[in-house]
There are 2 protein chains.
Amino acid sequence: MIIQKTENSRISTFDPNNFSFGGTFIDHMIICEYEDGKWGDVKLVPYGPIPFTPAMMGVNYGQACFEGMKAYKDKDGQVFLFRPEKNFERINKSAKRLAMPEVTEEMFLDGLKALVDIDREWIPQGEGMSLYIRPLIFATEEALKARVSNKYMFAIVATPAKSYYSEPVSVKISDHYSRAANGGVGSAKAAGNYAASFYPTQLAIEEGYEQIIWTDDATHEYFEESGTMNVFVRINDTIYTPPTSEKILDGVTRDSFIQLAKKRGIEVKVEPIPVKTVIEALKSGSLKEVWGVGTAVVTTQFQALGYQGEKLALPRLSDDESYAALLKKDLVDLQNNLSEDPFGWRVVVDHVLETV
Amino acid sequence: MIIQKTENSRISTFDPNNFSFGGTFIDHMIICEYEDGKWGDVKLVPYGPIPFTPAMMGVNYGQACFEGMKAYKDKDGQVFLFRPEKNFERINKSAKRLAMPEVTEEMFLDGLKALVDIDREWIPQGEGMSLYIRPLIFATEEALKARVSNKYMFAIVATPAKSYYSEPVSVKISDHYSRAANGGVGSAKAAGNYAASFYPTQLAIEEGYEQIIWTDDATHEYFEESGTMNVFVRINDTIYTPPTSEKILDGVTRDSFIQLAKKRGIEVKVEPIPVKTVIEALKSGSLKEVWGVGTAVVTTQFQALGYQGEKLALPRLSDDESYAALLKKDLVDLQNNLSEDPFGWRVVVDHVLETV
Ligand SMILES: Cc1ncc(COP(=O)(O)O)c(C=O)c1O
Ligand SMILES: Cc1ncc(COP(=O)(O)O)c(C=O)c1O
């Protein structure tokens, strides 16, 4: 790895109690370029611009995929990644589906650790605080031809993330728009999937919802995901989540919730969730909770479902009654080194590089 | 419009008989930036790099769409655009579906004309030669949050294009992969649609085909498009093409073919094309031709269809017998000012700017 430390650290301007998530960038980034059929050196360099023309294939043909993951700092200042090998596997799954070169474990994991290590001062400490990390691969060749690019960049950038208390939201069960086709790229973290979801989400917001529950595009009869989260439904004391498929992103949080629920002896059923079943359960009183899970906010609880033009209120459970709240706490405690780690999910980031 | 002419024209290095299509860029480009809810000045500047960090939203979330169109130079050196208002309408349709700001007619059409005018020397002359023009809009804000961007760039870049004789190709009728979902972005020229098509196309190539005929994602029983072209089928003396929909791009060449066919008195039916109907017509001998149409190569004729593991040969018609060849010639002649223009499709590019 080639390391070029910044000579203009911005850390003194960073106020961990007052910053904008997503728009504040740590001092460094990882970059690595692919050309002539192979990846070059991994470079840790100051965060900053790289020259690209508007003919760059990444923006023309959307050959780009990314990951979202976090690093956590415990009360002693130790820093941990959470299940980073899952993100490594998933970025390569995405890359394959988009006909992009896969990255090596060394590029991904060592790059990640070096970046988090050198910029560990940027990781805010305290409840819910973390560093949000964005590995991505995108096509960089300049060419106006709709074909696979010959040049790529792998990069890792990161932004401090705040405690993100998320209010319960109202979600619209999609009856027209969809995020994934059969035989499409729904299971990839493909850049284009996100742009495609913005307009339907805007329309749902205009109708008084915060998010969309995506349903299958052919019939809209089955739950797929919610916003950019996987979805869970609790009926009586059993929790349900749809099986992953080529239309559903295999979320790390989803998988962690399943394992944590099982550990607690909660019954988990991974099976298709018909919209009708959920609505009937709501009407009969057996539907207890519906929530989304993802790296960004861990859990968002839902307070109402939009279905066939009606906004149907969901029961409001106390934190003691809610599986969503319980499992969120289990996960957050584990991520923040406040509890045991029977699964081996935490990966400590050693002090290897001298800080600037 | 702010005009900054290059001081280092590369035109002397350009050999119209020997250049790479898509990788050779004309001297200038148009750029215009969107910020604080509005578009700034349109600028005509030297083609070249612009600094972006890997946090640029365009590559992270695929909020990007584009157009593909051509300028043609006739034997007297006059330069024409072809139905540019169709591309203007379509880029805004794409932008809307991707929750991006629409561009103004002034930005798009005046930008186009100024760019083609200033770099008219780059347009190769002769049969099938043209300038391929790529307007695009992409998100430029630096932010690691999956939401609508607040900053965009509109750009127009261009590359000389060669006479592109295209051999008849074998196409696989897709039975698993698809390019568009119901309620998705198939009718937008969204960047992500192209990346999604690369891997399935690679697999089809490994099976001995050149392209894919995309079918509906739910049943794979209906033709949608072929590769990055709209598709036509001729049974006896009637030609069929699927109606445009939210899954099918409303191609300018498709529309032109329909009008040119009607003008010749050829019966055109715009209706869903079941795969079964095509296969039965092939077996009974009534299937005469299947072809794709698009700006890049105008027409690609198909020589075989891959269906259920078999490669079924299509009849080989002479140019005199082929509607695909006939309509292609009608269109190319019109585009190149070799025939009358009863439709008013040609738009002359006036000499307004002094050439460099
Ligand atoms: C579409 C989509 N679904 C689900 C998730 C949740 O995945 P993870 O738990 O790995 O963050 C994400 C990413 O956050 C996503 O973008
Ligand atoms: C998916 C797709 N379908 C069809 C077409 C044909 O459209 P047009 O004739 O406007 O070039 C294109 C673009 O060339 C395309 O990208």
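Being a predicted model, the structure only gives us computed values, none of them experimental. (Residues numbered from 1 in each chain as written. Chains lettered and ligands numbered in written order. Predicted model: local features only at pLDDT ≥ 70, side-chain atom pairs only at ≥ 80, totals over all residues. Heavy atoms only, no water.)

1. Notes on the domain arrangement of chain A
Residue and element names in this part refer to chain A.
Moving on, step 1. When its domains are assigned, chain A resolves into domain 1 (2-163 + 345-355) and domain 2 (169-316).
Moving on, step 2. Spacing between the C-alpha centres of domain 1 and domain 2 amounts to 28 Å.
Moving on, step 3. Each side of the interface is counted separately: domain 1 has 17 residues, and domain 2 has 19 residues.
Moving on, step 4. A buried area of about 1600 Å², summed over both sides, lies between domain 1 and domain 2, and 60% of it is on carbon and sulfur atoms.
Moving on, step 5. Counting the surface domain 1 buries against domain 2, the share from its top three residues, Phe66, Arg90 and Arg97, is 34%.
Moving on, step 6. Applying the counting criterion to the domain 1 and domain 2 interface returns one salt bridge.
Moving on, step 7. Arginine 83 serves as the salt-bridge partner of aspartate 255, at 2.9 Å between the closest nitrogen and oxygen.
Moving on, step 8. Across the domain 1-domain 2 interface, the total number found is 10 residue pairs in polar contact (both at pLDDT 80 or more).
Moving on, step 9. Broken down by secondary-structure element, the contributors of at least two residues to the side of domain 1 that touches domain 2 are strand 6 (64-66), strand 7 (69-73) and helix 2 (84-97). (Domains from an automatic or database assignment. Contact = heavy atoms within 4.5 Å. Buried area = accessible area lost by both parts, 1.4 Å probe. Salt bridge = Lys/Arg side-chain N within 4 Å of Asp/Glu carboxyl O. Polar contact = N/O pair within 3.5 Å; in protein donor to acceptor, adjacent residues only side chain to side chain. Helix = DSSP H or I, 4+ residues; strand = E, 2+ residues; numbered from the N terminus.)

2. Some details on the relation of the copies chain B and chain A
Moving on, step 1. Its rotation angle being 180 degrees, the transformation that places chain B on chain A also includes 0.0 Å of axial translation and leaves an RMSD of 0.0 Å. Interpreted geometrically, this transformation is the action of a two-fold axis.
Moving on, step 2. The fraction of interface residues of chain B whose copies in chain A are also interface residues reaches 100%, indicating that both copies meet through the same surface. (Least-squares fit on C-alpha atoms with pLDDT ≥ 70 in both.)

3. Focus on the interface of chain B and chain A
Moving on, step 1. Across the contact, 63 residues belong to chain B and 63 residues belong to chain A.
Moving on, step 2. Both faces considered, chain B and chain A share a buried interface measuring about 5100 Å² in area, 66% of it formed by carbon and sulfur atoms.
Moving on, step 3. For chain B, the biggest contributors to the area lost against chain A are Pro54(B), Leu144(B) and Phe198(B); these three give 14% of the whole.
Moving on, step 4. Counting the contacts that link chain B with chain A gives 24 residue pairs in polar contact (both at pLDDT 80 or more).
Moving on, step 5. Within the residue set of the side of chain B that touches chain A, elements represented by two or more residues are strand 5 (50-52), helix 1 (57-61), strand 6 (64-66), helix 2 (84-97), strand 9 (130-139), strand 10 (152-161) and helix 4 (191-206) of chain B.
Moving on, step 6. Tallying contributions element by element places helix 4 of chain B first for the side of chain B that touches chain A, with nine residues.
Moving on, step 7. A class-by-class count of the residues in the side of chain B that touches chain A yields 39 nonpolar, 16 polar and eight charged. (Nonpolar A, V, L, I, M, F, W, Y, C, P; charged D, E, K, R; others polar.)

4. Focus: unusual backbone geometry
Moving on, step 1. With phi around 50 degrees, Asp36(A) is a residue other than glycine that occupies positive phi space.
Moving on, step 2. Position of Asp36(A) relative to the elements: it lies in the loop between strand 2 (28-35) and strand 3 (38-39).
Moving on, step 3. Residue class for Asp36(A) comes out exposed when judged on its relative accessible area of 69%.
Moving on, step 4. Unlike most non-glycine residues, Asn236(B) shows phi in positive territory, near 50 degrees.
Moving on, step 5. Among the structural elements, Asn236(B) can be located in the loop between strand 14 (229-235) and strand 15 (238-241).
Moving on, step 6. Take Asn236(B): its relative accessible area is 41%, and that puts it in the partly exposed class. (Buried < 20%, exposed > 50% of the residue type's maximum accessible area, 1.4 Å probe, protein only.)

5. Observations concerning the UniProt feature "modified residue: N6-(pyridoxal phosphate)lysine" (unreviewed entry) in chain A
Residue and element names in this part refer to chain A.
Moving on, step 1. Under the feature "modified residue: N6-(pyridoxal phosphate)lysine" (unreviewed entry), the UniProt entry names Lys189.
Moving on, step 2. Within the secondary structure layout, lysine 189 lies in the loop between strand 11 (169-173) and helix 4 (191-206).
Moving on, step 3. Classification of lysine 189 by relative accessible area gives buried; the value is 11%.
Moving on, step 4. When residues no more than four places from it in sequence are discounted, the contact partners of lysine 189 are Ala64, Cys65, Phe66, Glu67, Gly68, Arg90, Ser94, Tyr194 and Leu249. (UniProt positions renumbered as here; feature names shortened; annotations may be inferred.)

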